[in-house]
Amino acid sequence: MLGLKLPTDPRWVNIVEMNIDDILTDHAFCEQKAASTAISLIVSFPEYTELVQEMIALVKEEISHFKLVHDKIIARGNTLGYDRKDLYVNKLLQFFPKGGSRTTQLVHRLLYAALIEARSCERFRLLSKELEDPELRTFYHNLMVSEANHYTMFLKFARKYGDEEEVNTKWNDLLSYEAEIMKDLGKDQTIHG
């Protein structure tokens, strides 16, 4: 359903199991960054009323997810750690050239967001099936459902605001590029790494 061209190696869950506190901190910051992305889209493209309305709802949802993850961290007797660079996202953002029309910039940002949400959804699905902790399995199952909706929403907007055929070509090319990135990832205690 997600269209990802290279699934996560299931052994990544073993890394998660051994480093769950690090994963939860990384996950919390991923949720915060997702909220920031939605705010950035509102600030950068205020003339797209339907997009703005959806991004307002997304900000609320992502911040609520941040709180859920933060609450998990506290319940485990920990505090929120420090944010680390997201190598996956940094590499992904190198795919499209800088510049272009406002519409092109919007489409590229929407495609990046869709792919990040799709990969998060795929990772959460894996955690919901493979983690030993039943509470965390349920937690990640519920988040997986939300991430799937986010992925499709961003892709829908990219197709709405850009030329659909061109957007589909860019999406497919981005998926292939992401698969190459993923060959070197899946070895760290991060949501995307």
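Preceding block: the structure.
None of the values given here were measured: they were computed from a predicted structure. (Residues numbered from 1 in each chain as written. Predicted model: local features only at pLDDT ≥ 70, side-chain atom pairs only at ≥ 80, totals over all residues. Heavy atoms only, no water.)

A. Spotlight on the nonpolar core. Counting residues in each nonpolar core, the largest one holds 60 residues, and the members touching the most others are L51, Y88, L110, L111, Y140, F154 and W171. For this core, the secondary structure elements donating two or more residues are α1 (12-18), α2 (20-44), α3 (49-75), α4 (87-92), α5 (102-130), α6 (134-161) and α7 (164-182). With sequence-adjacent residues up to four places away left out, L111 is seen in contact with F96, L155, A158, V167, K170, W171 and L174. (Core = buried A, V, L, I, M, F, W, Y, C linked by side-chain atoms within 4.5 Å. Buried < 20%, exposed > 50% of the residue type's maximum accessible area, 1.4 Å probe, protein only. Helix = DSSP H or I, 4+ residues; strand = E, 2+ residues; numbered from the N terminus. Contact = heavy atoms within 4.5 Å.)

B. Summary view of the layout of surface pockets. Taken as a whole, the largest pocket holds about 520 Å³ of empty space. In this structure, the largest pocket is lined by 24 residues; those nearest its centre are K33, A34, T37, V89 and I116. Broken down by secondary-structure element, the contributors of at least two residues to the lining of the largest pocket are α2, α4, α5 and α6. With 8 residues, α2 is the single largest residue contributor to the lining of the largest pocket. Its residues assigned to classes, the lining of the largest pocket shows 11 nonpolar, 6 polar and 7 charged. Lining of the second largest pocket is provided by F45, L93, F96, P97, K98, G99, R102, Q105, H108, R109 and Y112. Class assignment of the residues belonging to the lining of the second largest pocket gives a composition of 5 nonpolar, 3 polar and 3 charged. (1 Å grid on protein atoms, 1.4 Å probe; cavity = no way out; pocket = protein on both sides within 12 Å on 5 of 7 lines; lining within 4 Å. Points joined across faces, edges and corners; volume = space filled by probe spheres on them. Nonpolar A, V, L, I, M, F, W, Y, C, P; charged D, E, K, R; others polar.)

C. Expanded view of the packing of aromatic side chains. In this structure the tally under the stated criterion is 9 aromatic pairs. Ring centres 5.2 Å apart and planes at 50 degrees place the aromatic pair F124 and Y140 in the tilted group. Residue F124 is found in helix α5, and its partner Y140 is found in helix α6; the two are separated by 16 residues along the sequence. A residue is classified by how much of its surface remains accessible, and Y140, at 0% relative accessible area, is buried. Positioned above the aromatic ring of F139 is the side chain of K72, whose terminal nitrogen or guanidinium carbon lies 5.0 Å from the ring centre. Its end group placed over the ring of F157, K156 keeps NZ or CZ at 4.6 Å from the ring centre. (Phe/Tyr/Trp six-rings, centres within 6.5 Å; stacked < 30°, edge-to-face > 60°. Lys NZ or Arg CZ within 6 Å of the ring centre and 35° of its normal.)

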